[in-house]
Amino acid sequence: MKTLTTLMTAALATLASAQDITVIRANAEPAKPAPAENFTGTVRVERLFGAAEPARISGGLVHFETGARTNWHTHPLGQTLFVTAGVGRIQHWGGPIQEIRKGDIVRIPPNVKHWHGASPDAAMSHLAFSEQLDGTSVQWMEKVTDAQFDPPAPAPASTATAPARSRAQQLVGDVAPKLAELTDGVLFGDVWARPQLARRDRSLAVVSALIAMNRPDQLRSHLALARQNGVTEEELSEVITHLAFYAGWPSAMSAAGVAKEVFQKP
Ligand code: MN
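From a predicted model like this one, the values you see are computed outputs, not experimental measurements.

## With respect to the nonpolar core
Counting residues in hydrophobic clusters, the biggest one holds 18 residues, and the most contacted among them are Val-207, Ile-211, Leu-219, Leu-223, Leu-236 and Ile-240. For this core, the secondary-structure elements that each account for two or more residues are helix H5 (199-212), helix H6 (216-228), helix H7 (233-247) and helix H8 (249-264). Sort the elements by how many residues they give to this core and H8 lands first, with 6 residues. Residues within four places of Val-207 in sequence aside, it is in contact with Leu-219, His-222, Leu-223, Ala-226 and Leu-236.

Shown next as structure tokens:
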């Protein structure tokens, strides 16, 4: 019959083993080919350590051969990458492709659709750390196409033979040539040029209107134009904050997102 003492000894032993330090030896688990349904090209994964309750973090080392990449995917609690070798690429949905190199650390926020992988002309390896939520740390999506992985370089803006096209002509000239003509000739050629109001002040008025109407596409180019017209980033931030009280919080929040994007460009 077990006495209280033996029960307590057993309980303490269990507690002690749960608190033991674990050393997982090098190459404990050899690299395995990554599942083809979630990756393109040759990818090997070394699963380094799994999540140990109550901790939720797990880690692995992933090797991408030249041209290889993940599918599009998200992580419920985000992911941190540490590039251990080579040159690779990472992109979030709708964002620019960013080059990553040995020694770089990448933080991917929760639920942001993205992919990562090698370069078209170089291999890349990274450590990947992520935390589980409800037993999973990744949500796999569609493949990254060749065109998404390595998009063709944009054509030069103008050539020696063709005259430079205005921004309005580039944007809408093909579908609405008269609108492009009015934009260039009347709006920018006349209204914006009138001396009765400084271009800087016109920029403030237009930016304010676009924030209030929640028009992120037009706001993007007008924030850049406002900077050219002498409005500082600090002043533009102040306009956005001020308008939260007049135009509504959501309009100001989406404007702040656009401003962040514009201000990051030189
Ligand atoms: Mn990821």
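## Quick look at the coordination of the manganese ion
Ligation of the manganese ion by protein atoms is provided by His-73 (NE2), His-75 (NE2), Gln-79 (OE1), His-114 (NE2) and His-116 (NE2), these donors lying 2.1 to 2.2 Å from the ion. The motif formed by the donor residues of the manganese ion, counted along the single chain, is H-x1-H-x3-Q-x34-H-x1-H.

## Thoughts on the side chain of Ser-130
Along the chain, the position of Ser-130 falls in strand S11 (residues 124-131). Excluding its chain neighbours within four sequence positions, the residues that come into contact with Ser-130 are Arg-56, Ile-57, Ser-58, Gly-78, Gln-79 and Ser-137.

## Remarks on the packing of aromatic side chains
Summed over the entire model, instances satisfying the criterion amount to 7 aromatic pairs. Between Phe-39 and Phe-64, the ring centres sit 6.5 Å apart and the planes meet at 45°, which makes this aromatic pair tilted. Here Phe-64 lies in strand S4 (residues 57-64) and Phe-39 lies in strand S2 (residues 39-40), a separation of 25 residues in the sequence. There is no split in this pair, since Phe-39 and Phe-64 are both buried. On the basis of an interplanar angle of 55° and a centroid distance of 5.5 Å, the ring pair of Trp-115 and Phe-149 is categorised as tilted. Pair noted here: Trp-115 is in strand S10 (residues 114-118) and Phe-149 is in helix H2 (residues 146-149), with a separation of 34 residues, a long-range link. Among the residues examined, Trp-115 registers a relative accessible area of 0% and is labelled buried. For Phe-149, a relative accessible area of 4% corresponds to the buried category.

## What about the pattern of salt bridges?
A side chain of one charge can pair with a side chain of the opposite charge when the charged atoms of the two come close. If you walk through the whole model with that rule in mind, you get 12 salt bridges. Across the pair Glu-142 and Lys-113 runs a salt bridge whose closest N-O atoms are separated by 2.9 Å. Remark: Lys-113 occurs in the loop between strand S9 (105-108) and S10 and Glu-142 occurs in the loop between strand S12 (139-140) and H2; sequence separation between them is 29 residues. Note that Arg-220 and Asp-217 form a salt bridge whose closest N and O atoms lie 3.4 Å from each other. Of this pair, Arg-220 and Asp-217 both sit in helix H6, separated by 3 residues, roughly a single helical turn.

## A closer look at the packing of H5 against H6
In contact at an axis separation of 9 Å, H5 and H6 are set at 155° when each is read in the N-to-C sense. When the interaxial angle is binned, H5 and H6 end up roughly antiparallel. Here H5 and H6 pass one another in a crossing that is left-handed. Residue-level inspection shows Arg-199, Ser-203, Val-206, Val-207, Leu-210 and Ile-211 of H5 in contact with H6, the latter providing Gln-218, Leu-219, His-222, Leu-223, Leu-225 and Ala-226.

## Some thoughts on unusual backbone geometry
Among all residues save glycine, negative phi is the norm, and among peptide bonds the norm is trans. Cis geometry is found at the peptide bond from Glu-53 to Pro-54, where omega equals 0°. For Pro-54, the position within the fold is in the loop between strand S3 (43-49) and S4. Located in the positive-phi region is Asp-134, a residue other than glycine, with phi close to 50°. The exposure class of Asp-134 is exposed, given its relative accessible area of 78%.

## Section: the pairing of strand S7 (residues 79-92)
With 4 bridges connecting them, S7 and S9 associate as antiparallel partners. By the bridge assignment, Phe-82 is partnered in S9 with Ile-105. Across 7 bridges, the pairing between S7 and S11 is antiparallel. Each bridged residue has a counterpart across the sheet, and for Ala-85 the counterpart in S11 is Ser-125. Two elements, S7 and strand S8 (residues 98-101), share 4 bridges in a ladder whose sense is antiparallel. Counted as the bridge partner of Val-87 is Arg-101 from S8. In textbook terms, the turn of a hairpin is the stretch between consecutive antiparallel strands, and for S7 and S8 this stretch comprises 5 residues, one of which, Gly-94, has a positive phi near 85°.

Cut-off values and rules
- Residues numbered from 1 in each chain as written.
- Predicted model: local features only at pLDDT ≥ 70, side-chain atom pairs only at ≥ 80, totals over all residues.
- Heavy atoms only, no water.
- Core = buried A, V, L, I, M, F, W, Y, C linked by side-chain atoms within 4.5 Å.
- Buried < 20%, exposed > 50% of the residue type's maximum accessible area, 1.4 Å probe, protein only.
- Helix = DSSP H or I, 4+ residues; strand = E, 2+ residues; numbered from the N terminus.
- Contact = heavy atoms within 4.5 Å.
- Donors = N, O, S within 2.8 Å, 3.2 Å for Na, K, Ca; no water.
- Phe/Tyr/Trp six-rings, centres within 6.5 Å; stacked < 30°, edge-to-face > 60°.
- Salt bridge = Lys/Arg side-chain N within 4 Å of Asp/Glu carboxyl O.
- Axes fitted to C-alpha atoms, helices over the stretch in contact; angles between N-to-C directions.
- Parallel < 35°, antiparallel > 145°, perpendicular 65-115°, else oblique.
- Left-handed = near helix turned anticlockwise from the far one by under 90°.
- Pairing = 2+ DSSP bridges.

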